[in-house]
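Here's the letter readout for the chains.
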Amino acid sequence: MALRKSTKAGVVGVAAAAMAATAFVAPAGAASNAPSGHRATQRAMDAAVRAGIPGITAQARDADGVWKAASGVGDLTSGAPRGKNDKFRVGSITKAFVATVLLQLESEGRLDLDDTVEHHLPGLVRGNGNDGSKITVRRLLNHTSGLFDYLADPEYSRTYMEGDGYLKHRYDTLPPKKHVRVALSHEPLFEPGAKHSYSNTNYILAGLIVEKVGGRTYEEEVRDRIIEPLGLKHTSNPGNSIHLPRPSSRGYSKLFRSSPDRIDDITEMNGSQGWADGDIISTAGDLTRFYSALLRGKLLPPKQLKAMKTTVAVPGSPHTRYGLGISRLRTSCGTTLWGHGGGMIGWLSMVVSTEDGRHQLAYNYNGDWDTSHMPKIVDAEYCGTS
């Protein structure tokens, strides 16, 4: 689940993370610098905390082993520090899990990326100019479907993402097809395949296709195909639970545009309000393990991994391209990375990896209002700058 600045101005200055790395880091043409340990990364995290983020948890995995770090606080009331092993809501990083499952199903001959939504979900995507017979699975996964992002619907935003609406409805259970209905109340943004436009609606439909083709729930497919084989013991789908499993910190948001300094504790929320576009709960450690396995080809055959890494241009972000559930981006020193970001009310997350799967970084903010230091943390890890 990614948050859009157009509808969530108060909560989210999350625009960059909301696009899940699609507008994340642009090269400055500098020479590459070898990082000196992870000291620069820690300094960049500390700087983000000084700038106002409550706390950050992070993990890096490289040839020297695993580095865990934290900065700031996990609880503004008690002052308890942010934990190095915290679980958190990863937001749109979920999309890489969903894309991986669909690509595994393709490798088994159970679907084709060029199958249409209409083929798998007949009659669901119709009305207001929307036509599921023109939208393929591939176009869902790389966000070229043209479908309206349900999170950008003004009424939905007021009800479930902002101010008193969020505080009143945070415990509501929302079925996936409600999100689809909200999106289909709008005309498409463009003809399918014309260009890229990030839409969480795409991955709601992707999750429904997983269930239709697999014959089981989306959550069961993710668990049996990714979580259990990789030993991701701290990763789960919340269903309609409102709780974060421990260890975890509190999550905070600025929900009210009229009161920009007000901070609300939003830790408890119904997990169904994200679903296949952003519901997963994980840790920085599990995310680095997942990305290492993914890019080393341990989850997908070469054909499907190549398809995942086949990218389209991202309008307005010339240095970033979007594949199937992952983005290709570049640091200021020219290092090419693959990754995804996630914005959830109260949480901002990022995971990136080198293409060879040998060096990962994942981190999470427990506040959702400032993304300005997020690229600096990536640069610090891969370029040794902060």
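In the nomenclature of an unreviewed UniProt entry, the chain is known as Beta-lactamase family protein of Streptomyces spectabilis.

**Focus on the environment of Asp 64**
Mapped onto the elements, Asp 64 comes out in the loop between strand S1 (55-62) and strand S2 (65-72). Each C-alpha atom of the pair Asp 64 and Gly 285 lies 15 Å from the other, and the pair is 221 residues apart in sequence.

**Brief notes about the nonpolar core**
The tendency in soluble globular proteins is for nonpolar side chains to be buried as a group. Core analysis: the largest hydrophobic core is formed by 78 residues, its most contacted members being Phe 97, Leu 102, Leu 141, Ile 209, Phe 290 and Met 308. Setting aside anything within four residues of it in sequence, one finds Phe 290 in contact with Ala 96, Phe 97, Thr 100, Ile 226, Leu 230, Leu 232 and Leu 299.

**Digging into the pattern of salt bridges**
Scanning all chains against the criterion turns up 16 salt bridges. Asp 356 is the partner of Arg 358 in a salt bridge, and the nearest nitrogen-oxygen pair spans 4.0 Å. Among the residues examined, Arg 358 registers a relative accessible area of 52% and is labelled exposed. A relative accessible area of 44% places Asp 356 in the partly exposed class. Shared partners join several salt bridges into a network, and the residues in it are Glu 108, Arg 110, Arg 216, Glu 221, Arg 223, Asp 224, Arg 225 and Glu 228.

**Brief notes about helix H10 (residues 218-227)**
The set of residues buried in H10 consists of Tyr 218, Glu 221, Val 222, Arg 225, Ile 226 and Ile 227. Mapping the buried residues of H10 onto a view down its axis gives an arc of 155 degrees, with all of them on the same face. On its buried face, H10 sits against helix H3 (94-107), helix H9 (200-214) and helix H11 (284-295).

**Points about the sheet that holds strand S10 (residues 321-322)**
With antiparallel pairing, eight strands are arranged side by side in an open sheet as S2-S1-S14-S13-S12-S11-S10-S9. Of all strands in the sheet, those bounded by a partner on one side alone are S2 and strand S9 (312-313). Relative to strand S12 (residues 336-344), strand S11 (residues 327-330) is paired through four bridges, and the arrangement is antiparallel. Within S12, the position partnered with Ser 327 by the bridge is Gly 339. Against the sheet, helix H2 (residues 39-50) engages S1, S2 and strand S14 (360-365), with an angle of about 20 degrees to S2. Docked against the sheet, helix H13 (residues 374-383) engages S1, S12, strand S13 (347-354) and S14, running at close to 150 degrees with respect to S14.

**Some points on the pairing of S11**
Burial along S11 is one-sided: the face carrying Ser 327 and Leu 329 is buried and the face carrying Arg 328 and Arg 330 is not. Both S10 and S11 contribute to a ladder of two bridges, which runs antiparallel. Its bridge partner lying in S11, Tyr 322 is registered against Ser 327. Hairpin connection of S10 to S11: four residues between the antiparallel strands, including Gly 325 at a positive phi of 80 degrees.

**Remarks on unusual backbone geometry**
Trans is the common state for peptide bonds, and a negative phi is the common state for residues other than glycine. The linkage connecting Arg 246 with the following residue, Pro 247, adopts the cis geometry, with an omega of 0 degrees. Along the chain, the position of Pro 247 falls in the loop between H10 and strand S6 (252-253).

**Re the packing of helix H8 (residues 176-184) against H9**
Two quantities define a packed helix pair, namely the angle between the axes and the distance from one axis to the other. Two numbers describe how H8 lies on H9: the axes approach to 10 Å, and their chain directions differ by 140 degrees. In terms of their interaxial angle, H8 and H9 are classed as oblique. For the crossing formed where H8 meets H9, the hand is left-handed. Mapping the contact onto sequence places Pro 176, Lys 177, His 179, Val 180 and Ala 183 in H8 and Thr 201, Ile 204, Leu 205 and Leu 208 in H9.

Rules and cut-offs
Residues numbered from 1 in each chain as written. Predicted model: local features only at pLDDT ≥ 70, side-chain atom pairs only at ≥ 80, totals over all residues. Heavy atoms only, no water. Helix = DSSP H or I, 4+ residues; strand = E, 2+ residues; numbered from the N terminus. Core = buried A, V, L, I, M, F, W, Y, C linked by side-chain atoms within 4.5 Å. Buried < 20%, exposed > 50% of the residue type's maximum accessible area, 1.4 Å probe, protein only. Contact = heavy atoms within 4.5 Å. Salt bridge = Lys/Arg side-chain N within 4 Å of Asp/Glu carboxyl O. Arc of directions from axis to C-beta. Pairing = 2+ DSSP bridges. Axes fitted to C-alpha atoms, helices over the stretch in contact; angles between N-to-C directions. Parallel < 35°, antiparallel > 145°, perpendicular 65-115°, else oblique. Left-handed = near helix turned anticlockwise from the far one by under 90°.

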